[in-house]
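Single-letter residue listing:
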Amino acid sequence: WSLFGIILAAIGMYGKVGAFYALCSEKLTKVNKAIGLAAINSVGQLGGFLGTSIIGYTHDFTGTYQMALAILMGFSCFGALLVLYYFANYSLKSTG
């Protein structure tokens, strides 16, 4: 069951990566695509640093990894809500 959990977590973590690149390619002009891709990569690199820092500091403060993973889950849910908000408010306006 542990391997199944790891596979399920990997699907959840890496399944969203393609959507951000597709969103950038679909919504931006040719000139702004490079800026959009650079911004996505920069935020990804920053998230890689901050994610591990948050896990370390929270583990040192609480002594367990549960709160650290709950904080990271909160950030992921917030990002998903931002994407849903974008599609609800701007997707229909750009097609009309």
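A brief look at the structure comes next. Sequence order as written defines residue numbering, which begins from 1 separately in each chain. Only residues with pLDDT of 70 or above have their local features reported here, since the model is predicted, and side-chain atom pairs are shown and tallied only from 80 upward, although totals for entire chains, interfaces and linings are computed over all residues. Here the side-chain values reflect all heavy atoms present in the structure, with hydrogen atoms and water set aside.

**As for the overall build of the protein**
Quick reminder of the rule: We count a stretch as a helix when DSSP gives it H or I for four or more residues in a row; a strand needs E for two or more, and each element gets its number in order from the N terminus. For the radius of gyration, the atoms used are the C-alpha atoms, and the globule rule reads 2.2 Å times the number of residues raised to 0.38. Only protein chains enter the accessibility calculation, which uses a 1.4 Å probe. A residue is then buried if its area is under 20% of the maximum for its type, exposed if over 50%, and partly exposed in between. Every residue pair with non-hydrogen atoms within 4.5 Å of one another is taken to be in contact. In short, Shrake-Rupley with a 1.4 Å probe defines the accessible areas, and a residue's cover is counted only from the protein chains shown.
Looking only at helices and strands, the protein features four helices and zero strands. What you see for the protein is a C-alpha radius of gyration of 17 Å, clearly larger than the 12 Å of a compact globule of 96 residues, by over 25%. Taking all 96 residues of the protein together, 8% fall into the buried category. Intrachain contacts of the protein at a sequence separation of at least 6 include 20% that bridge at least 24 residues. Carbon and sulfur atoms make up 74% of the accessible area of the protein, which amounts to about 7800 Å² in all.

**Notes on helix H3 (residues 30-62)**
Helical geometry note: an α-helix holds 3.6 residues per turn, so side chains three or four residues apart project in the same direction. Inclusion rule: Expected span, for any helix, means 1.5 Å times one less than how many residues it has.
With 33 residues, H3 extends 47 Å between its outermost C-alpha atoms, agreeing within 8% with the 48 Å of an ideal straight helix rising 1.5 Å per residue. One or two positions beyond H3, positive phi appears at Gly-63, with a value near 85 degrees.

**Overview of the environment of Lys-16**
Following the sequence through the fold, Lys-16 ends up in the loop between helix H1 (2-14) and helix H2 (17-27). In this structure Lys-16 comes out as partly exposed when scored by relative accessible area, which is 39%. The spacing of Lys-16 and Thr-29 is 13 residues in sequence and 22 Å in space, taken between C-alpha atoms.

**What to know about the side chain of Thr-58**
Examined against the element boundaries, Thr-58 turns out to sit in helix H3. Ignoring any residue separated from it by four or fewer positions in sequence, one finds Thr-58 in contact with Gly-63, Thr-64, Met-67, Ala-68 and Ile-71.

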